[in-house]
Amino acid sequence: MADGFYNTDWGNQEAQGSSYGSYNPNAYSNQGFTNQAYDGGQFTPQTNFAGQNMDQDPPTDHDPYTGTFDSEPPLLEELGINFDHIYQKTIAVLNPFKHTESAIVNEVDLTGPFVFCMALGTAMLMAGKVHFGYIYGIGAVGVVGMWVLLNLMAPKGAHLGVIASILGYCILPIVLLSLLNIFPFFDLRGIVGTVCSIASVIWCAVSASKLFSDGLEMKRQQVLVAYPCAILYSVFALLTVF
C-alpha cells in the first residue's frame, strides 16, 4: 500500500510539473547572463534584457579599429595630394588663356609650389648661385603682400593658402628661365636673355592674374592684379639673371 501511495504521488507530481518530479533546466537559467538554454534536447538562443541575441557577435560598425585596409582612403588623399589638380593647375600656368574651375583654383595645394621652388633653387645652384633663402624669403613676403592687397580688392576676400598656391604654381616660367642659365653658351645678360626674362615675367603675371580672377571672381580686375604680380616675379627674374 505504501508502494501504491508512492507511485500515485509521484505520478501526480509529474502531472503537476513539480520540481520534485522532474528537473527543468530552463527554470534555473538566467536570461540576462546565460547564452543558451536547453529546450527539448536542443539548445535555443537566448536574449538579454535589451532584446539582443547573445549568441551573435557584438556589432563592430562603429569601431574604428576593426576596419580593413581596403576601406581606408589612399595615403596621398589623406595628405591632400591630388595629382589631377596639380596637372590642371600646371596646364593653366602654361596656357594662361585656358579657363580653370573655381574649385580647383581655391584649393590649398602647396605640393606643386614647393616642388617648383625647389627646382628653381636647384637650377640656380647648378649655375653657381645659392639662393634658397632668398627664394623662400621673397616668396613669403610676396604672399603676405598679395594677401593684404587681394583682401581689399576681392568681393569675398582671399585665403592665404590659396594665394601661396597660385603664386607658387605661376613661378614655373621663371624655373624654365633658370634652366637656360645652366648652359654656359647662353647668357641671360645679353639681348636674347633680356627678352626671355621680360617674356617670363609677363607670362607669370598673366597666368597668376588669370587664376586670381577665376578663383576670386575678379573678372574686371585682372589688369590691376597683374601689375603687383609682375613686380614680384621681376624680383625672381633678377635673382636668376644676376
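Predicted model only: the values in this text are computed from it and were never measured.

Q: Just to check I follow, could you spell out the overall build of the protein chain for this structure?
A: Within the protein chain, the regular secondary structure consists of 10 helices and two strands. Going residue by residue from the N terminus, the α and β elements of the protein chain occur as α-β-β-α-α-α-α-α-α-α-α-α. Counting across all 242 residues of the protein chain, residues that qualify as buried make up 33%. For the protein chain, the accessible surface area stands at approximately 15500 Å², while carbon and sulfur atoms represent 64% of it.

Q: Which parts of the structure should I look at to understand unusual backbone geometry?
A: What you tend to see is this: most non-glycine residues have negative phi, and most peptide bonds are trans. Positive phi values are uncommon outside glycine, yet Glu217 reaches one of about 55 degrees. Along the polypeptide, Glu217 turns up in the loop between helix 9 (191-215) and helix 10 (222-241).

Q: Any chance you could explain the environment of Val108 here in plain terms?
A: Structurally, the position occupied by Val108 is in the loop between helix 4 (102-105) and helix 5 (111-126). On the accessibility criterion, Val108 (41% relative accessible area) is partly exposed. C-alpha separation for the pair Val108 and His159, spaced 51 residues apart in sequence, amounts to 8.5 Å. Not counting residues within four places of it along the chain, the set of residues in contact with Val108 comprises His159, Gly161 and Val162.

Q: Which parts of the structure should I look at to understand helix 6 (residues 132-153)?
A: Since one α-helical turn is 3.6 residues long, residues separated by three or four positions face the same way. Its 22 residues give helix 6 an end-to-end C-alpha distance of 31 Å, which sits within 8% of 32 Å, the value for a rise of 1.5 Å per residue. Among all positions of helix 6, only Ile135, Gly139, Gly142, Val143, Met146 and Leu150 are buried. Seen along its axis, helix 6 keeps its buried residues to an arc of 115 degrees; they face one direction. Exposed residues on helix 6 whose side chains face more than 90 degrees from its buried face are Gly133, Tyr134, Val141 and Leu152. Looking at the buried side of helix 6, the elements it contacts are helix 5, helix 7 (160-169), helix 9 and helix 10.

Basis of the calculations
Residues numbered from 1 in each chain as written. Predicted model: local features only at pLDDT ≥ 70, side-chain atom pairs only at ≥ 80, totals over all residues. Heavy atoms only, no water. Helix = DSSP H or I, 4+ residues; strand = E, 2+ residues; numbered from the N terminus. Buried < 20%, exposed > 50% of the residue type's maximum accessible area, 1.4 Å probe, protein only. Areas by Shrake-Rupley, 256 points an atom, 1.4 Å probe, with all protein chains shown as cover. Contact = heavy atoms within 4.5 Å. Expected span 1.5 Å × (residues − 1). Arc of directions from axis to C-beta.

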